[in-house]
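As a plain string of letters, each chain reads:
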Amino acid sequence: MGRLFAIEIIYRGIFQKTLATRLSRSVVLAAHQEGKLGISFGRYGDSPERNGIPAKNFAIVATDEQTLQEGMAKYEPKEVDITIALDDTLCKGVESWAWYGLQPVNRLLKPGGTLIVTSCEGPEAIIAMAHRKEAPYNLAIVKGTVSFSGLWVYKDDHTDVRILGAIAKLLPDLFSLKSVQKIIVDQWHDPVKSESAARSYERVRSVTVRTDQGNPETPYKFDLPKWHEMGEGVAIPSIPAGHAVADPVSNAEGGFRPDRNPTFKKFSTRTMRPVVNFDTCIKCTLCWLHCPDSCFDVTPEGLYDANMQACCGCGVCEAVCPVKECVTMVNETEFGDNQSQWEAWRHDKDRYQTWLAGKIKSRPERSHGFRYRGQYEEQVPAVLETARKA
Ligand code: SF4
Ligand code: SF4
């Protein structure tokens, strides 16, 4: 029996789809340089994918055909050697479009496997976000601005090759740097990309994450129904429309919180979140009307509190708010919980303003697409410079 390798790539649907595809394909091509066989594919349940919703690609590689066939006989890998999280905020949890509940980013990692994360953050911040695991694992950070692009374009900021270089270092039995550099030049005819892979290979380091480190929350669990428990056909009960929940923000005081799906929270779609300045809000209702996910709870004073369990971080509320800096999108990495901002404001307004000013300093360096033609060409040199210094 030969050796089987499994690599999982977790990415933001649409925004990082091309990046994930290039990576999973390149893993197989680089391994093929060394006589191994492999296949890359996307998780079936994630298609059609949605903006920002966590999705997965896999690359399965084996030293011989029989081992590959055995590996491929499974619907998708049950454990992996490497998990790649293409956005650090995915470390808070992965809630797929094909809903499995919020799952830990490191769930499939073998004991001693490696989580590779693209991030400007250090290991402490990433470890704090990820759920605890029953066995130690390794964490490696490919330093740099998280790479996003839109549906039709590709932001060629070398994130792809920098991760490939890191894999060559962290899992040398899979492929060497030489093989990676060969397939980079074959595919993209770019010696600078090849150089970026080599630099990442030289620089990447990993730290061991202990079992007592990370988010202690118990991950969502469910039992799959047995075949004899399944109903005939598929019926998915909908959420009744037009209701307030039984325990709204403060119904007794005149607030209103719309009914929401009690289990599908959507917040793991978010890479940035809105913060609201309730002192400058003019109660125009625009954020409440335009939010595509009905995230705003109406407070007793007629203010609008973005519910952080439900917000997917699209940024529409910031775009429509007519008051300068009343709604500001901030990096999701800055937050450790989903508590109500309005509750904090109501409790201590001065303290809230200090908190708000601190958060607004962390406006996102990331965006979900480009706003004008040629924007990425302008951005990429600065991103590469940051990566070079990292
Ligand atoms: S970012 Fe704003 S508009 Fe978008 S889902 Fe969140 S609260 Fe709603
Ligand atoms: S859009 Fe801005 S000003 Fe209008 S209600 Fe929402 S937060 Fe207040």
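Scroll up for the structure.
Along each chain, residues carry numbers from 1 onward, in the same order as the chain's sequence is written. The lettering of chains begins at A and the numbering of ligands begins at 1, in the order of writing. In view of the model being predicted, local features appear only for residues whose pLDDT reaches at least 70, and side-chain atom pairs are presented and counted only at 80 or more, with totals across whole chains, interfaces and linings using the full set of residues. Values shown for side chains rest on all heavy atoms present in the structure; no hydrogens or waters enter the calculation.

**Q** Quick one: what's the story with the overall build of the chain, residue by residue and with numbers?
**A** Numbering of helices and strands runs from the N terminus; a helix is a DSSP stretch of H or I covering at least four residues, while a strand is a stretch of E covering at least two. Within the chain one finds 11 helices and 11 strands. For 390 residues, the compact-globule formula gives about 21 Å, and the C-alpha radius of gyration of the chain, at 22 Å, lands near that figure. Considered along the principal axes of its C-alpha atoms, the chain spans approximately 70 × 60 × 40 Å. Only protein chains enter the accessibility calculation, which uses a 1.4 Å probe; a residue is then buried when its area is under 20% of its type maximum, exposed when over 50%, and partly exposed in between. In the chain, which comprises 390 residues, the proportion classed as buried is 50%. In the chain, the proportion of contacts linking residues at least 24 apart, taken out of those at least 6 apart, comes to 77%. Approximately 19,200 Å² of the chain is accessible, and the part contributed by carbon and sulfur atoms is 54%. The atom set for the radius of gyration is the C-alpha atoms, and the globule formula is 2.2 Å times the number of residues raised to the power 0.38. Contact between two residues is taken to exist if any of their heavy atoms lie within 4.5 Å; hydrogens are not considered. Here the accessible surface of atoms and residues is derived via Shrake-Rupley with a 1.4 Å probe, and residues count as covered only by protein chains that are part of the display.

**Q** Break down the site of ligand 2 for me, with residues and values.
**A** Around ligand 2, the neighbouring residues are Cys 281, Ile 282, Lys 283, Cys 284, Thr 285, Cys 287, Tyr 304, Cys 321, Pro 322, Val 323, Cys 326 and Val 327. Classifying every residue of the shell around ligand 2 gives 10 nonpolar, one polar and one charged. Residues are labelled near a given molecule or strand when at least one of their non-hydrogen atoms is within 4 Å of it. Charged residues are taken to be Asp, Glu, Lys and Arg, nonpolar residues to be Ala, Val, Leu, Ile, Met, Phe, Trp, Tyr, Cys and Pro, and polar residues to be all remaining types, Gly included.

**Q** Lay out the pattern of salt bridges in plain terms, naming residues and giving numbers.
**A** Whenever a carboxyl oxygen of Asp or Glu lies within 4 Å of a side-chain nitrogen of Lys or Arg, that contact is scored as a salt bridge. Within this structure, the stated rule accounts for 21 salt bridges. Residue Arg 12 pairs with Asp 87 through a salt bridge whose shortest N-O separation is 2.7 Å. Remark: Asp 87 occurs in the loop between strand S4 (80-85) and strand S5 (109-119) and Arg 12 occurs in strand S1 (residues 4-12); sequence separation between them is 75 residues. Salt-bridge contacts for Lys 133 lead to Glu 134; the nearest nitrogen and oxygen are separated by 3.8 Å. Through salt bridges that share partners, Arg 22, Asp 156, Asp 160 and Lys 193 make up one connected network.

**Q** Go over the nonpolar core with me, naming the residues and quoting the values.
**A** Grouped together as the largest cluster of nonpolar side chains are 36 residues, with contacts concentrated most on Ile 7, Val 27, Ile 84, Leu 86, Ile 167, Leu 174 and Phe 175. Elements supplying a minimum of two residues to this core: S1, helix H1 (17-32), strand S3 (54-62), S4, strand S6 (137-143), helix H4 (159-170), helix H5 (177-188) and helix H6 (191-203). With seven residues, H1 is the single largest residue contributor to this core. In contact with Phe 175, other than residues within four places in its own chain, are Val 27, Ala 30, Ala 31, Glu 34, Leu 164, Ile 167, Ala 168 and Val 180. Grouped together as the second largest cluster of nonpolar side chains are 26 residues, Ala 306, Trp 342, Tyr 352 and Ile 360 included. Among buried residues, those of type Ala, Val, Leu, Ile, Met, Phe, Trp, Tyr and Cys that are joined through side-chain atoms within 4.5 Å constitute a nonpolar core.

By themselves, these observations are geometric and do not establish any function.
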